[in-house]
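# Close look at the chain arrangement
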Amino acid sequence: MGAVSSLEMLSDELREASDQTIVAPTVKGLVTDGLPYRGFLYFGLMLTEAGPKVIEYNCRFGDPEAQAVLPMVEGDFASYLFEAAKGSLKPESISFAEGWSICLVSASAGYPMSSRSGDVISGLDEVKEARVFHAGTKRNEVGEFETAGGRVLVVVAKGAMLEEVVDAV
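For the structure given in this document, a descriptive report is provided here. Computed from a prediction, not measured in an experiment: that's the story for all the values here.

## Comments concerning the overall build of the protein chain
Counting its secondary structure elements, the protein chain contains 4 helices and 10 strands. Counting only C-alpha atoms and orienting by the principal axes, one finds that the protein chain spans roughly 60 × 40 × 35 Å. Taken across its 169 residues, the protein chain has 27% of its residues classed as buried. Summing over all exposed atoms, the protein chain offers an accessible surface of approximately 10800 Å²; the carbon and sulfur share of this is 56%. Across the protein chain, the 14 positively charged side chains and the 25 negatively charged ones have centroids separated by 8 Å.

Written out as C-alpha cells, the structure reads:
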C-alpha cells in the first residue's frame, strides 16, 4: 500500500473537470445543508472514460496520503492550518512543489487480517535518499528493530523525476 503525490498526475483539464463536477458541488452542498465544515476533506477519485468519479470522501488527512503530500507543501503550513481552523483560509500562504513524492507502507505478515510481531527488520541503515517513519516497530533486547503491529514502516521519498523517486523508495 502507498500513495503518490505530484502536480503532474492530473492534467489541467482533468483538474478543472474534478473541480467543476466534484469539488465545487460538494462544497455547495455543505453550504446549502448548513454544514459549517472545517478540516481536511479528501476526495478519493476513480478516473473513468466518463470523467472522474468519487469513490470516497475522507474527513481526515492520515496515512498514507498525508505522508506523500506533506513533503510537497511549501510555505508556512502550520499558520495555514491555524488560520483555516479559525475560519480564515489563506491559500496564498502555501504552495506545492514540482516533482514527485511517493509513500510506501511496509506491513507485517498477515496484514490487514492480522499482524505478526517479533520479525526482525533489517536494511534501515541502507536507506539514503528517503525518510523512514516508524509506525509499528519496537526494539528487541539486542537493539534490533522488530515488527510490533500491522503497518510497520513508511518510507517516503521526494524528487524531480518519477523514476528517481521510485528507486529511492
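## What about the packing of aromatic side chains?
All told, the structure shown has 3 aromatic pairs when counted by the stated rule. Pairing F40 with F61 gives two aromatic rings, centres 4.4 Å apart and planes at 20°, and the pair type is stacked. With F40 in the loop between α1 (12-32) and β2 (42-48) and F61 in the loop between β3 (51-58) and α2 (65-69), the pair connects residues that are 21 residues apart, well separated along the chain. Judged by relative accessible area, which is 32%, F40 ranks as partly exposed. Ring geometry for F43 against Y57: centres 5.4 Å apart, planes inclined by 70°, an arrangement best described as edge-to-face.

## Things to note about the environment of S79
Mapped onto the fold, S79 is located in helix α3 (residues 77-85). Placed 75 residues apart in sequence, S79 and V4 show a C-alpha to C-alpha distance of 25 Å. Only 2.7 Å separates the side chain of S79 from the side chain of D76, close enough to count as a polar contact.

## Focus on the pairing of strand β6 (residues 100-107)
Both strand β1 (residues 2-5) and β6 contribute to a ladder of 4 bridges, which runs antiparallel. Among the inter-strand pairings, G2 is bridged to a residue of β6, identified as L104. Across 8 bridges, the pairing between β6 and strand β10 (residues 151-159) is antiparallel. Within the sheet, the bridge partner assigned to I102 lies in β10 and is A157.

## Topic: the layout of surface pockets
Estimated volume of the largest pocket: approximately 2000 Å³. Along its surface, the largest pocket is lined by 48 residues, and L41, Y42, F43, V69 and F96 are the ones closest to its centre. Of all the secondary structure elements, the ones that give two or more residues to the lining of the largest pocket are β1, α1, β2, β3, α2, α3 and β5 (94-96). A per-element tally of the lining of the largest pocket places α1 first, with 8 residues. In terms of residue class, the lining of the largest pocket is made up of 35 nonpolar, 7 polar and 6 charged.

The rules behind each value
- Residues numbered from 1 in each chain as written.
- Predicted model: local features only at pLDDT ≥ 70, side-chain atom pairs only at ≥ 80, totals over all residues.
- Heavy atoms only, no water.
- Helix = DSSP H or I, 4+ residues; strand = E, 2+ residues; numbered from the N terminus.
- Buried < 20%, exposed > 50% of the residue type's maximum accessible area, 1.4 Å probe, protein only.
- Areas by Shrake-Rupley, 256 points an atom, 1.4 Å probe, with all protein chains shown as cover.
- Lys, Arg positive; Asp, Glu negative; His and termini not counted.
- Charge placed at Lys NZ, Arg CZ, Asp CG, Glu CD.
- Phe/Tyr/Trp six-rings, centres within 6.5 Å; stacked < 30°, edge-to-face > 60°.
- Polar contact = N/O pair within 3.5 Å; in protein donor to acceptor, adjacent residues only side chain to side chain.
- Pairing = 2+ DSSP bridges.
- 1 Å grid on protein atoms, 1.4 Å probe; cavity = no way out; pocket = protein on both sides within 12 Å on 5 of 7 lines; lining within 4 Å.
- Points joined across faces, edges and corners; volume = space filled by probe spheres on them.
- Nonpolar A, V, L, I, M, F, W, Y, C, P; charged D, E, K, R; others polar.

As far as function goes, none of this settles anything; it's purely spatial.
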